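What follows is the residue order along each chain.
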Amino acid sequence: HVQLVESGGGLVQPGGSLRLSCAASAYTYCMAWFRQAPGKEREWVASIEDDVITSYADSVKGRFTISQDNAKNTLYLQMNSLKPEDSAMYYCATRSGFCPERLMTIGEYFYWGQGTQVTVS
């Protein structure tokens, strides 16, 4: 069982930046960030595999950066050039073993954090 705790969310003006953190109880090979805004489906944002292999949704590519500090078992999401459309509850997620072939498949992630709210306004 892996426990995940997100932090770092808050209110930021358009064009601003935030850095989200996800403290994990153990290292896992595959970790990901998802987000969900009111009235919208949960959306995959980014994934990281084996510490260095990163993937991003088109909507955040070039603006967001996912990284991992294995010494601290902490996942990060650096968010720059934030837009109102980025407002959402952000969740970190993980699973045992490798990342799924389809990174955005919600059902493939076994463990989830409680979420941290990001509001861009």
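Residues numbered from 1 in each chain as written. Predicted model: local features only at pLDDT ≥ 70, side-chain atom pairs only at ≥ 80, totals over all residues. Heavy atoms only, no water.

Side note on the pairing of strand 9 (residues 88-95)
Put simply, the rule is: Each residue is placed in one exposure class: buried if its accessible area under a 1.4 Å probe, protein chains only, is under 20% of its type's maximum, exposed if it is over 50%, and partly exposed if it falls in between. By definition, any uninterrupted DSSP run of H or I lasting at least four residues is a helix, any uninterrupted run of E lasting at least two residues is a strand, and each is numbered from the N terminus. Between any two strands, at least two bridges found by DSSP are needed for them to pair.
Of all eight residues that make up strand 9, seven are buried, and the element is covered over most of its length. Here strand 9 runs beside strand 11 (residues 116-120); their pairing, made up of three bridges, is antiparallel. Directly across from Met-89, in strand 11, lies its bridge partner Gln-117. When strand 9 meets strand 10 (residues 111-112), the two strands line up antiparallel, connected through two bridges. Residue pairing across strands places Ala-93 opposite Trp-112, the latter belonging to strand 10.

A short note on the nonpolar core
Where we set the bar: For the purposes of this section, nonpolar cores are sets of buried Ala, Val, Leu, Ile, Met, Phe, Trp, Tyr and Cys residues that join through side-chain atoms within 4.5 Å.
By size, the foremost hydrophobic cluster in this structure holds 35 residues, and its most contacted members are Trp-33, Leu-77, Met-79 and Tyr-90. For this core, the elements supplying multiple residues, two or more each, are strand 3 (18-24), strand 4 (30-36), strand 5 (43-49), strand 7 (64-69), strand 8 (74-79), strand 9 and strand 11.

Some words on the state of the cysteines
Disulfide: a covalent bond connecting the sulfur atoms of a pair of cysteines. What counts, and what does not: The disulfide criterion used throughout: a pair of cysteine sulfur atoms within 2.5 Å.
Using the criterion set out here, one finds two disulfides in the structure. The disulfide partner of Cys-30 is Cys-99, and the S-S distance across this bridge is 2.0 Å. Classification of the bridge connecting Cys-30 and Cys-99 rests on its S-S torsion, roughly 105 degrees, and on that basis the disulfide is right-handed. Taken as a pair, Cys-30 in strand 4 and Cys-99 in the loop between strand 9 and strand 10 lie far apart in primary sequence, 69 residues in all. Assigned by exposure class, Cys-30 and Cys-99 land together as buried. Counting only the cysteines that take part in disulfides, in the order they occur along the protein chain, gives the pairing 1-3, 2-4.

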